[in-house]
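Observations on chain architecture
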Amino acid sequence: MNLISKNLFLYIFYFSFSASLIFAQKETTVEKPKPTPPVSEKKANQRPDDKVQKEANANPFDKADAKTMAAQCVRLETEAGNIELEFFPESAPESVRNFLNLSAAGAVNTTTFSRGVPGFVIQGGNLGTSEKWSNELAKLASKKLPDEPSQIKHERGILSMARGDEPNSATTHFFILLRSASTLDGKFAAFGQVTKGME
C-alpha cells in the first residue's frame, strides 16, 4: 500500500470510527426533560461582564485622578540603559493617561526609538515597531489625543507628545528632548520628564 492510499485508509478508518462513536452515544442517550429554573431576583452584586472587565484591566488609568497619575513612574529598559520617567497630569492629563494605559497594557514593550535627531530629540512610542504587532496594537495606535499645550518649558529631559501638523493628531508617539527647544513651547504637550538615565 503506497503512502497516499495508506493515509487515506487511516483517515477513512478514523472518520468511520469517530462517527460510530458519535452515533453510539446518540443511541444510548435518553433525553430527560429539563426542569424549569426557579425565577429569582437579579443579584445586586452581579459579576461584571468579561468584556467590560477586560477593558477595565487594559485601561486602568481611564478614571484615575491627577494625584494618582502623578504618583506613577515608568522605566524604559533600553539597550543603552534604563530611563525613568515622572509625569505632569495636572498639565496634560490625557497624554499622561494614554501613556500610562499603554505602559500598563505592555503596548510599548519591544518597541524601538524609531527616530532620533542627534543633539535634539529621540522619539519612541511607535507601536508599529513592536515585535508583537497586532490588530489590537493598530487600534491603540490610531486613537487621537487632544492637544494639551501648557506653560511647561521644553528643556533637556522633557517628555512630550509628537504629532503631525493637524490639531489633535497625537497618538502614541512621544519624544525626549536632548536639549532645550523653546520653539516647541506652548505647541506640544509636555507631559513628563526624565528623572534618571539621561546619560
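Residues numbered from 1 in each chain as written. Predicted model: local features only at pLDDT ≥ 70, side-chain atom pairs only at ≥ 80, totals over all residues. Heavy atoms only, no water.

**Quick notes on the confidence of the model for the chain**
So the rule is basically this: What pLDDT reports is the predictor's confidence in each residue, on a scale of 0 through 100. Residues count as neighbours in contact if any of their non-hydrogen atoms are within 4.5 Å of one another.
Considering every residue of the chain, the mean pLDDT works out to 81; 71% of them sit at 70 or more. Every residue in residues 2–28 is under pLDDT 50, and counting partners more than four places away or in other chains gives 2 contacts.

**Points about unusual backbone geometry**
Put simply, the test is: Comment: elements are numbered from the N terminus, with helices defined as DSSP H or I runs of at least four residues and strands as E runs of at least two.
Positive phi is not limited to glycine here, since threonine 110 has a value of about 70 degrees. Looking at the element boundaries, threonine 110 is found in the loop between helix H4 (93–104) and strand E3 (115–117). A positive phi angle, near 55 degrees, is found at asparagine 168, a position not held by glycine.

**Digging into the pattern of salt bridges**
Condition: Basic side-chain nitrogens of Lys or Arg form a salt bridge, by our definition, when they fall within 4 Å of a carboxyl oxygen of Asp or Glu. Burial status follows relative accessibility: with a 1.4 Å probe on protein chains alone, a residue under 20% of its type maximum counts as buried, one over 50% as exposed, and anything between as partly exposed.
Evaluation of the coordinates by the stated rule reveals 3 salt bridges. The residue arginine 163 makes a salt bridge to aspartate 147 at a minimum N-O spacing of 3.5 Å. Highlighted residues: arginine 163 in the loop between strand E5 (158–161) and strand E6 (174–177) and aspartate 147 in the loop between helix H5 (135–142) and E5, separated in sequence by 16 residues. Arginine 163 sits in the partly exposed class, given a relative accessible area of 26%.

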